[in-house]
Amino acid sequence: MTGLLVILDGLGDRPIDALDGRTPLEAAETPNMDSLAASGITGLVRPLESWVPVGTQVGSALLMGLAPADLPYLTRGPVEAAGVGMSLAVGNVALRCNFATLESNGVGFTVVDRRAGRIDRGTVELAEALDGMELFGGVKARFKASTEHRAVLKLEGEGLSADITDTDPGSGNGAAVPACRALREGDKDAERTAALINEFVYRSSEILGDHTVNMDRIGKGLKPANGVLTRGAGSVAHLRNYVRYLGLKATVVAGEGTVRGLANLFGFSLTYKPEFTASTNTDLGEKIAAALVALERSDLVFLHIKGPDVAAHDKDPQRKRDFLQSVDRALKPLMSREVVLAITGDHSTDSNSGRHTGDGVPALITANGNRTDSVRSFGETECANGGLGHVSSTAFLTAVMDHMQVLHNYRGYEDDFLR
């Protein structure tokens, strides 16, 4: 049987006082997902290890078949580069970046808004102003916009290393932008690369400060994207994938750059349209339609929807609840399809704090002849009692493929794909 795995980014949450102590998913009216839960088997997915928070690249990659043994080689920069079609050669270093609103503090920069007000227009022009920057030592910086406030930086030159720290301080505005440093003192290539990143961050602020896009944003009362924060440095790596290992044809339907990058790295087909945004304004109907088309030519389709995570990061549980209700309505055309249908998320995102957490993510699988359990609604509390139990992302994908009847008996030499 063919399979469809719906990945609702940041699906899981924690109780919200404003929602009467329920999570956004529990507070949402989701008759379609409730029906699927009642007719299927449910549980909680913990992406990696119990109570270890993960990012989108880790949670989604594992659900899409990344060999857990290859996790140390999965870094955000190369994934984002693949998502925007930026090729990496041996020796290049790629970093994921944010356009941010920064202000000078006399010795460096302070973060006013690490997403520049979630800027979603003008980023191509801003990126073009930085692309091709010549740094010291003959190193060239290639820079390209990704989805919304995100972008990708690639360094080309000799003697580069990805063993460097981030300049993105993470969650919390008002923090100072840390200088990039080598992970290990005395690593000359890493120290040189860190100095190149610091030069790029400083010069980017000079260039972007009076860019016409930012002048226009300031005139409209919007936060300027006058700086760049970097994180997730990495180099080219070969990543093994369980879906590909089994010889299955897979398609990814996604608008978010990270997931598109994973599709490209894994050699999956990719369906992307401009209306597939990485926010709550995505065209859900078109995404579902694209998934249905992909099912005609694929063994397994991954449908990624970013909106729940965005709302939770913005600490807006009502918006997350309302978007999940929209997702539920959009799922209606899938209800009658003869497929193995699975729904879960890459991780949980707490709408109280705006951060990823290690909480388990609700999950369900429904297929012809599947076992059922006593769960009758799709939510965190109910799914905790489901028949799937509490499983890793890899185990959940394996369960999906087992229901598709594409697995063979355990042979012992595939453990790198399984744990």
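Visitor: Honestly, the packing of aromatic side chains in this entry has me stumped. Any pointers?
Guide: The geometry of an aromatic ring pair is captured by two quantities: the separation of the ring centres and the angle between the planes. Applying the stated criterion across every chain yields a total of seven aromatic pairs. Ring geometry for Tyr-242 against Tyr-245: centres 6.3 Å apart, planes inclined by 25 degrees, an arrangement best described as stacked. Highlighted residues: Tyr-242 and Tyr-245, both in helix 8 (residues 242-245), separated by three residues, approximately one helical turn. Look at Phe-268 and Phe-302: their rings are 5.9 Å apart centre to centre, the planes differ by 10 degrees, and that puts the pair in the stacked class. Of this pair, Phe-268 sits in the loop between helix 9 (257-266) and strand 10 (269-271) while Phe-302 sits in strand 11 (residues 300-305), and the two are 34 residues apart along the sequence. When sorted by exposure, Phe-268 lands in the same class as Phe-302, which is buried. An aromatic cluster of three or more residues is present, and its members are Phe-99, Phe-143 and Phe-200. Taking NZ or CZ as reference, Arg-46 lies 4.7 Å from the ring centre of Trp-51, over its face. Positioned above the aromatic ring of Phe-417 is the side chain of Arg-240, whose terminal nitrogen or guanidinium carbon lies 5.8 Å from the ring centre.

Visitor: Help me understand the packing of helix 3 (residues 56-63) against helix 9 in this model?
Guide: Any two packed helices are characterised by how steeply their axes cross, that is the angle between the axes, and by the distance between the axes. For the pair helix 3 and helix 9, interaxial distance at closest approach is 10 Å and the crossing angle is 45 degrees. Classed by the angle they form, the pair helix 3 and helix 9 counts as oblique. Where helix 3 crosses over helix 9, the handedness of that crossing is right-handed. Side by side, helix 3 and helix 9 meet where Thr-56, Gln-57, Ser-60 and Ala-61 of the first sit next to Thr-258, Val-259, Leu-262 and Phe-266 of the second. Tallied by class, residues from the contact of helix 3 with helix 9 come to four nonpolar, four polar and no charged.

Visitor: Honestly, the pattern of salt bridges in this entry has me stumped. Any pointers?
Guide: Pairing is possible between side chains that carry opposite charge, provided their charged atoms lie close to one another. For the coordinates displayed, the defined rule picks out 31 salt bridges. Across the pair Lys-306 and Asp-309 runs a salt bridge whose closest N-O atoms are separated by 3.1 Å. Linked through salt bridges whose partners overlap, the residues forming this network are Arg-118, Glu-148, Arg-150, Glu-256, Asp-314 and Arg-319.

Visitor: Please clarify how the packing of helix 2 (residues 31-39) against helix 12 (residues 317-330) should be interpreted in this entry.
Guide: With their axes 7 Å apart at the nearest point, helix 2 and helix 12 run at an angle of 65 degrees to one another. Our classification of the angle between helix 2 and helix 12 gives roughly perpendicular. For the pair helix 2 and helix 12, the contacting residues are Pro-31, Asn-32 and Met-33 in the first and Leu-324, Asp-328 and Arg-329 in the second. Of the residues contributing to the contact of helix 2 with helix 12, the split by class is three nonpolar, one polar and two charged.

Visitor: Would you mind showing me how to read the sheet that holds strand 16 (residues 389-392) here?
Guide: What the eight strands build is an open sheet, ordered 10-9-11-1-12-15-2-16; its pairing is mixed. With partners counted over all chains shown, the strands left at the sheet margins are strand 10 and strand 16, one partner each. The mean angle between the axes of side-by-side strands here comes to 25 degrees, regardless of whether they run parallel or antiparallel. Sheet analysis places strand 2 (residues 41-46) next to strand 15 (residues 361-366), joined by five bridges and oriented antiparallel. Its bridge partner being in strand 15, Gly-43 is matched across the sheet by Ala-363.

What counts and how
Residues numbered from 1 in each chain as written. Predicted model: local features only at pLDDT ≥ 70, side-chain atom pairs only at ≥ 80, totals over all residues. Heavy atoms only, no water. Phe/Tyr/Trp six-rings, centres within 6.5 Å; stacked < 30°, edge-to-face > 60°. Helix = DSSP H or I, 4+ residues; strand = E, 2+ residues; numbered from the N terminus. Buried < 20%, exposed > 50% of the residue type's maximum accessible area, 1.4 Å probe, protein only. Lys NZ or Arg CZ within 6 Å of the ring centre and 35° of its normal. Axes fitted to C-alpha atoms, helices over the stretch in contact; angles between N-to-C directions. Parallel < 35°, antiparallel > 145°, perpendicular 65-115°, else oblique. Left-handed = near helix turned anticlockwise from the far one by under 90°. Contact = heavy atoms within 4.5 Å. Nonpolar A, V, L, I, M, F, W, Y, C, P; charged D, E, K, R; others polar. Salt bridge = Lys/Arg side-chain N within 4 Å of Asp/Glu carboxyl O. Pairing = 2+ DSSP bridges.

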